[in-house]
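Chain by chain, the residues run as shown.
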Amino acid sequence: MVTAAAAAVLALLGFHPDPLTGLIRPPHATTIRLVLAAADDDALNRAIGDFLQERKSPAPGRKVIAVDGKTLRGSRTAERTATALIAAMAHSGQVLTQRQIDAKSNEIPAFAPLLDGINLTGAVITADVLHTQHDHATYLHERGAHYLAMIKRNHPALHEKVRRLPWRDVRLDHYERGRGHHRDEVRRLKTAAFAHLDYLHARQALQVVRRRRDLGTGKLSIERVHLVTSLPPGAADGSELAAWIRGH
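I will try to describe carefully the structure that is included in this document. None of the values given here were measured: they were computed from a predicted structure. (Residues numbered from 1 in each chain as written. Predicted model: local features only at pLDDT ≥ 70, side-chain atom pairs only at ≥ 80, totals over all residues. Heavy atoms only, no water.)

## Description of the overall build of the chain
Here is step 1: Within the chain one finds seven helices and nine strands.
Here is step 2: With 248 residues in all, the chain has 34% of them scored as buried.
Here is step 3: In the chain, the share of contacts with a sequence separation of at least 24, taken over all contacts with a separation of at least 6, comes to 52%.
Here is step 4: A total of about 15,300 Å² of accessible surface is found on the chain, and carbon and sulfur atoms cover 53% of it. (Helix = DSSP H or I, 4+ residues; strand = E, 2+ residues; numbered from the N terminus. Buried < 20%, exposed > 50% of the residue type's maximum accessible area, 1.4 Å probe, protein only. Contact = heavy atoms within 4.5 Å. Areas by Shrake-Rupley, 256 points an atom, 1.4 Å probe, with all protein chains shown as cover.)

Take a look at the structure:
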């Protein structure tokens, strides 16, 4: 919050001291909000993205980036809908860039423009099922990146084909057990290589089975999640794939 910033920080930001008291007082929050509302959205997002990418050196190893949408808290008014943003964030926690979504659109058309300014060579992109789109797969392939895409009933034929694979006969790639949030959880990951799947550049299908037991009630729930990835077999082991899926 700008109101909590030290005087030295406010001076670096360009605020001037009061000529009578010599104190630097930050502008009211409403003033800041009005200035930001009047700024060019795309120019502001580019500036923020450039700053975020330059402020920290990338972590060693493969770059894994999550793409996710969010609604800006407090942005809804009686005259306008809430401001929606789409952001790209490294799984290590660093926000790389963000972009405002047109009020009459959704996240899908903003996917490629969001990532245009980021070096994606060799990166793995994770996203919600909304972004399991053939155009997105083509875009990432052309940028030299890979995807880890969730498959649900947005691709019914592909979902049915992957779901009906003989998973019982596929060896286990990763097993993980943990306890937290008043529940005991077991996660199992299996992968199956394919020469061809009905999704552009897909090389492997994945199944994650999550078994959760509520420690208070003893109730057991089982969830099966299916994904596809353009990573070829051996490019990432089971523990890496499981961490990326859970990290998103």
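## Things to note about the side chain of arginine 212
Here is step 1: In this structure, arginine 212 sits in strand E8 (residues 204-214).
Here is step 2: Engagement of the side chain of arginine 212 in a polar contact is seen with the side chain of glutamate 223, the distance being 3.5 Å. (Polar contact = N/O pair within 3.5 Å; in protein donor to acceptor, adjacent residues only side chain to side chain.)

## Concerning the pairing of E8
Each regular strand displays side chains that alternate between the two surfaces of the sheet.
Here is step 1: Where burial is concerned, most of E8 is hidden: eight out of the eleven residues are buried.
Here is step 2: The sheet contact formed by strand E7 (residues 183-193) and E8 spans eleven bridges and is antiparallel. Opposite arginine 183, over in E8, you have aspartate 214 as the bridge partner.
Here is step 3: With ten bridges connecting them, E8 and strand E9 (residues 220-229) associate as antiparallel partners. Across the sheet, the residue bridging to alanine 205 is valine 228, located in E9.
Here is step 4: Connecting E8 to the next strand, E9, in antiparallel fashion are five residues, including glycine 218 with a positive phi near 80 degrees. (Pairing = 2+ DSSP bridges.)

## Points about the packing of aromatic side chains
Here is step 1: Taken as a whole and judged by the stated rule, the model has two aromatic pairs.
Here is step 2: Relative to tyrosine 139, the ring of phenylalanine 111 lies with its centre 6.4 Å away and its plane at 75 degrees, an arrangement referred to as edge-to-face. In this pair, phenylalanine 111 sits in helix H4 (residues 111-115) while tyrosine 139 sits in helix H5 (residues 134-142), placing the two residues 28 residues apart along the sequence. Residues phenylalanine 111 and tyrosine 139 agree in their burial class; the two are buried.
Here is step 3: Plain terms: the ring middles of tyrosine 147 and tyrosine 199 are 5.4 Å apart, the flat faces sit at 85 degrees to each other, and that makes the pair edge-to-face. Of this pair, tyrosine 147 sits in strand E5 (residues 146-151) while tyrosine 199 sits in the loop between E7 and E8, placing them 52 residues apart in sequence. We note that tyrosine 147, like tyrosine 199, is buried. (Phe/Tyr/Trp six-rings, centres within 6.5 Å; stacked < 30°, edge-to-face > 60°.)

Any link to function would need more than the numbers given here.
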